[in-house]
Amino acid sequence: MRIVLVGPPGVGKGTQAALLQQRHGALHISSGDIFRAELKAETELGRLAKSYMERGELVPDDVTIRMMATRLDSPEVREKGFLLDGFPRTVAQAEALDEWFRQNGVRLDAVIALEVEDEEVVRRLSGRLTCRQCGAIYHRENHPPKVEGVCDACGGELIVRKDDQEETIRERLRVYHETTKPVVDYYERQGLVRRIEAREVESTYAKIKAALGL
Ligand code: AMP
């Protein structure tokens, strides 16, 4: 299975990709997670990505494309297939991915476009809390920790990620509408897009499964 998941920040791409990985085996590859891991490990790539990420802007295409090509070239990915989450986010990235498909003699099965209104994104993301230590995610309203400010799983401190602050969320939405919508149009021309209204986790998952014929 080779699937691209697109949609605004906070729509639940990561959650759905994780479910698809658990239940169908293809690998969940999140460009945002890879950048955050590089940032945490203080690699050169992480340092380069940091300033863009903190401002809610996109990391430049050449850097992002090189990083994803390295990840996609691993034998495990070739064997199991993948669910791309957060990539491609620009038409240049989509073209680079198509080139990778051509070189590897494989095809994309579908593009799942998850949709939700902007105000709902702001509401969901501005309540998001992340554990500084283990990365577990909570929500002030929908999924609060047992003890305020403390991770249930590891006892670490819960913080609002800089890119989950309201001002940054609005900037990420602006960037999404401007640069990522054309990616959906690009795949629309290839007849690959399945549009899905994202609501609760399980009902959204059921709609994705139906769209993919699973
Ligand atoms: P995410 O968790 O997917 O929202 O990604 C967090 C941040 O990582 C984004 O706001 C960007 O700064 C950066 N990033 C993730 N994926 C990409 C991509 N495909 N192209 C450029 N920047 C990206």
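Further up the page is the structure itself.
This is a predicted model, so every value here is computed, not measured. (Residues numbered from 1 in each chain as written. Predicted model: local features only at pLDDT ≥ 70, side-chain atom pairs only at ≥ 80, totals over all residues. Heavy atoms only, no water.)

(A) Geometry of the sheet that holds strand β2 (residues 27-30). What the five strands build is an open sheet, ordered β2-β3-β1-β4-β8; its pairing is parallel. Each edge of the sheet is formed by a strand with only one pairing partner; in this case those strands are β2 and β8 (193-197). Averaged over neighbouring strand pairs, the angle between their axes works out to 20 degrees when direction is ignored. Taken together, the four bridges between β2 and strand β3 (residues 82-85) define a ladder with parallel strand orientation. Bridge pairing links His28 to Leu83 in β3. (Pairing = 2+ DSSP bridges. Helix = DSSP H or I, 4+ residues; strand = E, 2+ residues; numbered from the N terminus. Axes fitted to C-alpha atoms, helices over the stretch in contact; angles between N-to-C directions.)

(B) The site of the ligand, seen in detail. Around the ligand, a shell composed of 15 residues is seen, among which Ser31, Arg36, Glu57, Gly86 and Gln93 lie nearest. At 2.9 Å from a nitrogen atom of the ligand is found a main-chain nitrogen or oxygen belonging to Gly86. Between the ligand and Arg89 there is a distance of 3.0 Å, counted from an oxygen atom to a side-chain nitrogen or oxygen. Here the ligand loses 95% of its free accessible area of 480 Å² to cover by the protein chains. Of all the elements, helix α2 (residues 31-40) adds the most residues to the shell around the ligand, at four residues. (Near = heavy atom within 4 Å. Polar contact = N/O pair within 3.5 Å; in protein donor to acceptor, adjacent residues only side chain to side chain. Areas by Shrake-Rupley, 256 points an atom, 1.4 Å probe, with all protein chains shown as cover.)

(C) Structural context of helix α7 (residues 118-126). Those residues of α7 not exposed but buried are Val121, Val122, Arg124 and Leu125. Elements in contact with the buried residues of α7: β5 (128-131), β6 (137-139) and α8 (166-188). (Buried < 20%, exposed > 50% of the residue type's maximum accessible area, 1.4 Å probe, protein only. Contact = heavy atoms within 4.5 Å.)

(D) Region of interest: the environment of Ala110. Mapping Ala110 onto the fold places it in strand β4 (residues 110-115). Separated by 101 residues in sequence, Ala110 and Ala211 have C-alpha atoms that sit 9.0 Å apart. If we ignore the near neighbours within four places in the chain, the residues touching Ala110 are Arg2, Ile3, Val4, Leu192, Arg194 and Leu212.

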